[in-house]
Amino acid sequence: MTRPARAAAARLLVIFGMTAAGCFAASAEDAPRPAFSGMDEAVNERMAENAGAAPRSPYIDTESLGDIWNMLLLGAGGICGFVIGRWWHLLFGNRGKAE
Amino acid sequence: MHITEGIIRGTEAIAYTAAGVALMAAGAARMKAFADKRPEHKPLLGMGGAFIFFVSLIPIPAFTGTCSHPCGSPLAGILLGPVVGIGLTGLSLLLQAAFFAHGGFSTWGANLITLGIGGAFFGWLTYRILRAVGLPIWAAAGGAGLVGDVMTYVLAGLSLGYVLSISPNPQYSLSGYLVAIYSAYLPTQGPIAIGEMVVTGLALHYIYKQRPEVLQTLGVIRS
């Protein structure tokens, strides 16, 4: 193995070691958490709770309002999709036609 | 990466919010100047804002069993400039905090620094540097997407690590927190950063092929 290859392998080992250590640290004092929760919850909130800086509920907690949150999310996604798609088409979609 | 409501408190929250308000004011002024100077490209502001809002809200699952999201702000930063990108990011984060329980009002400033400076500014800067050294547009934009995404998470880890290291019951020193946070982010965010690199590169390449004059008007490429 050449010297650059050895150096690259060593770097990879360090990265994997740090990753393993970090995952272990983040999952310390494990409580079961839902699968595929966001990193906001899985990492940030868990570490903050352990450090005594627990997050508080949002001031406007739409997540606790059942399907209202779904409505907001789907509505926002639809509006964003329309805005992006419509203006993308008008600005970038008509080569030689649009002003 | 959204730092949740309540994690940053007291003086730090005030300082982050003040910095966020200053950034937002600069962004709003630049947005107004952009709209006055190029009224025909005003819809780009809406497009950029919608793109950041949507992309930074959508959870993408990773093989680690957690979800994360891309940033969107690097592409907006390249097209509209870093200050406008930061302004649009601030608006997106405000809406997310108000209606989607993502982030928070007390952490809005920290999240704006993270996603705005990390994504829009470093994305824009990387694009400029890579273009200056002669890389093609797709490669420069791809590099900008990657660096912008990575820098967003670097700054998020720094903000969070700093706040936790001075919290009531810190588990590690600042450096210990940084190692723990970055190592936990890496397996999930690494593939997403690569995805953001591909999407940003392809988007700018497509725009360049279809409407290079728009990029010239925006100053993204030289005529």
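The structure we're discussing is the one just above.
Residues numbered from 1 in each chain as written. Chains lettered and ligands numbered in written order. Predicted model: local features only at pLDDT ≥ 70, side-chain atom pairs only at ≥ 80, totals over all residues. Heavy atoms only, no water.

Caption draft 1: Expanded view of a nonpolar patch on the surface. Together, A:Tyr59, A:Ile60, B:Leu94 and B:Phe105 make up an exposed nonpolar region whose accessible area comes to about 360 Å². In this structure A:Ile60 comes out as partly exposed when scored by relative accessible area, which is 37%. (Patch = residues over 30% accessible without salt bridge, like charges linked within 9 Å, V, L, I, M, F, W, Y side chains within 5 Å. Areas by Shrake-Rupley, 256 points an atom, 1.4 Å probe, with all protein chains shown as cover. Salt bridge = Lys/Arg side-chain N within 4 Å of Asp/Glu carboxyl O. Buried < 20%, exposed > 50% of the residue type's maximum accessible area, 1.4 Å probe, protein only.)

Caption draft 2: Layout of the nonpolar core. By size, the foremost hydrophobic cluster in this structure holds 63 residues, and its most contacted members are B:Leu79, B:Leu80, B:Tyr127, B:Leu164, B:Tyr185, B:Leu204 and B:Val220. Looking at this core, the element that brings in the most residues is helix α6 (residues 137–165) of chain B, giving 9 residues. Not counting chain neighbours up to four residues away, the residues in contact with B:Tyr127 comprise B:Ile78, B:Ile137, B:Ala140, B:Ala141, B:Ala144, B:Leu204, B:Val220 and B:Ile221. Of all hydrophobic cores here, the second largest spans 8 residues; its members include A:Trp69, A:Ala76, A:Ile84 and B:Ala50. (Core = buried A, V, L, I, M, F, W, Y, C linked by side-chain atoms within 4.5 Å. Helix = DSSP H or I, 4+ residues; strand = E, 2+ residues; numbered from the N terminus. Contact = heavy atoms within 4.5 Å.)

Caption draft 3: Structural context of the layout of surface pockets. The space that makes up the largest pocket amounts to roughly 530 Å³. Looking at the largest pocket, it is lined by 26 residues, and the ones nearest its centre are A:Asp40, A:Glu41, A:Glu63, B:Ala101 and B:His102. Every element with two or more residues in the lining of the largest pocket is listed here: β1 (37–38), α2 (39–50) and α3 (67–93) of chain A together with β2 (66–68) of chain B. Per-element accounting of the lining of the largest pocket gives the leading share, 4 residues, to α2(A). Grouping the amino acids of the lining of the largest pocket by side-chain chemistry returns 12 nonpolar, 8 polar and 6 charged. Each of domain 1 (1–56) and domain 2 (59–99) of chain A gives at least three residues to the lining of the largest pocket. For the second largest pocket, the calculated volume is near 370 Å³. B:Phe51, B:Val55, B:Gly72, B:Leu75 and B:Val199 are, among the 20 residues lining the second largest pocket, the residues nearest its centre. If you list the elements that add at least two residues to the lining of the second largest pocket, you get α3 of chain A together with α2 (43–55), α3 (73–80) and α7 (174–210) of chain B. Looking at which element gives the most residues to the lining of the second largest pocket, the answer is α7(B), with 6 residues. (1 Å grid on protein atoms, 1.4 Å probe; cavity = no way out; pocket = protein on both sides within 12 Å on 5 of 7 lines; lining within 4 Å. Points joined across faces, edges and corners; volume = space filled by probe spheres on them. Nonpolar A, V, L, I, M, F, W, Y, C, P; charged D, E, K, R; others polar. Domains from an automatic or database assignment.)

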